[in-house]
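# Topology and contacts: notes
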Amino acid sequence: MVNLGADRALCEPTVPSFFTFHLAALALLVIACGSSSRVARFTGAAAAGPTGALVVSGECGVPDGVLVLMRAQGAPQLGAQIEQATLTPVRGGHYAADLGLYETLSYHIVVMISPAWNAPNALPKAPPSFRDPALIVSRTRDGWQMRREFDARLGAPEQEKQLLADHLRLATDALRALELSAKNLHALDDKSDRGDLARWLRLHLERQRGSVLVHEGIDPIFPLLHGQLREIDTALLKRYHAILARLTGATTELDKMSKSWQTVDRALEKARQTVADIEAKIR
């Protein structure tokens, strides 16, 4: 005789094994979901905000408070040297920041997230994986970083071209004035002419007042070039005082000043090269 009851008992799951199965499934679900700090998405866009400045925004599927690093460079392909960077927190899966850039330029923008500039455990330790080829994930010494790059524009291309040309013209005018001052001072040095030194300084300062060098600030489009122009001016004034000290016999002062034209010549050559590089890109 076959004991059907016994066979049924062998085939049907017992109460403990039923709960064990579901507990195991629940554990697997928790593992599969992973930490709540995983990165679900990361988008980016930019446009003119209410004030006309560049606003960068996007979605970022991370916990609130995670910091997004954003960096915008204005027309780097055309030789401009303007850029801005900031950190902004994620709120409700979104981030946004006004970068305070108003110049009518094309901008190259990079947005990034990384454990390196966030609180411990705010982001997963392992780098996330996405199928989106525009999201670049890389390992770093501090763990990993993920970035998205895109372009945006304020104004029209014609405005960009005119803005760059105007700023370059002002810088070039200042460079020409400095070159003339250098040429005249060189001649005075060769002739050892004390009488014209005072006149040289007056003319040099007048040329400055007609150029961008008169302003205390720095050119926002070409700050590197503007800094090089100021280096030329500083070197020229040191050279002037060195010549004055030599011709008046103030040897103790001469030791504190520029002893040769090398500093002036190098500064002039750097600025000329920068102007040439920018002109080649703007054409």
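Just above sits the structure.
Attention in this report is confined to the structure presented alongside it. A quick note: this is a predicted structure, and the numbers were derived from the prediction, not measured.

### Looking at the packing of helix α4 (residues 197-209) against helix α5 (residues 223-248)
Between two packed helices, both the angle of their axes relative to each other and the distance between the axes serve to describe the pair. For the pair α4 and α5, the least separation of the axes is 11 Å and the interaxial angle reads 170°. As far as their axial angle goes, α5 and α4 are roughly antiparallel. Between α4, through Leu-197, Ala-198, Trp-200, Leu-201, His-204 and Gln-208, and α5, the contact on the second element is made entirely by Asp-233, Leu-236, Leu-237, Tyr-240, Ile-243, Leu-244 and Leu-247. Of the residues assigned to the contact of α4 with α5, the class counts are 10 nonpolar, 2 polar and 1 charged.

### Side note on the packing of α5 against helix α7 (residues 262-282)
Remark: α5 packs on α7, axes separated minimally by 9 Å, with the N-to-C direction vectors making an angle of 160°. By the angle class used here, α5 and α7 are roughly antiparallel. At the point where α5 passes α7, the crossing takes the left-handed sense. Of the residues in α7, those touching α5 at Leu-225, Gln-228, Leu-229, Glu-231, Ile-232, Ala-235, Leu-236 and Arg-239 are Thr-263, Val-264, Ala-267, Leu-268, Lys-270, Ala-271, Thr-274, Val-275 and Ile-278.

### As for α7
The terminal C-alpha atoms of α7, which comprises 21 residues, lie 31 Å apart, in line with the 30 Å expected from a rise of 1.5 Å per residue. Residues Val-264, Ala-267, Leu-268, Ala-271, Thr-274, Val-275, Ile-278 and Ile-282 constitute the buried set of α7. On an axial view of α7, the arc spanned by its buried residues comes to 125°, and they lie on one face. Each element contacted by the buried residues of α7 is listed here: α3 (157-191) and α5.

### Here's the deal with the sheet that holds strand β3 (residues 67-74)
If you walk across this open sheet you meet the 5 strands as β4-β3-β6-β8-β7, and the pairing is antiparallel. Each edge of the open sheet carries a strand with a single partner, namely β4 (82-89) and β7 (135-140). On average, each strand axis in the sheet is tilted by 20° relative to the strand beside it, whichever way the strands run. Sheet topology note: the β3/strand β6 (residues 106-113) ladder contains 6 bridges and is antiparallel.

### Focus on the environment of Thr-234
Its location among the elements puts Thr-234 in helix α5. Take Thr-234: its relative accessible area is 42%, and that puts it in the partly exposed class. Each C-alpha atom of the pair Thr-234 and Val-264 lies 8.7 Å from the other, and the pair is 30 residues apart in sequence.

### Examining the side chain of Ser-181
Structurally, Ser-181 can be placed in helix α3. At 2.9 Å, the side chain of Ser-181 and the side chain of Arg-207 are in polar contact. Once residues within four sequence positions are removed from consideration, Ser-181 is found in contact with Trp-200, His-204, Arg-207 and Leu-236.

Rules used in this analysis
- Residues numbered from 1 in each chain as written.
- Predicted model: local features only at pLDDT ≥ 70, side-chain atom pairs only at ≥ 80, totals over all residues.
- Heavy atoms only, no water.
- Axes fitted to C-alpha atoms, helices over the stretch in contact; angles between N-to-C directions.
- Helix = DSSP H or I, 4+ residues; strand = E, 2+ residues; numbered from the N terminus.
- Parallel < 35°, antiparallel > 145°, perpendicular 65-115°, else oblique.
- Contact = heavy atoms within 4.5 Å.
- Nonpolar A, V, L, I, M, F, W, Y, C, P; charged D, E, K, R; others polar.
- Left-handed = near helix turned anticlockwise from the far one by under 90°.
- Expected span 1.5 Å × (residues − 1).
- Buried < 20%, exposed > 50% of the residue type's maximum accessible area, 1.4 Å probe, protein only.
- Arc of directions from axis to C-beta.
- Pairing = 2+ DSSP bridges.
- Polar contact = N/O pair within 3.5 Å; in protein donor to acceptor, adjacent residues only side chain to side chain.

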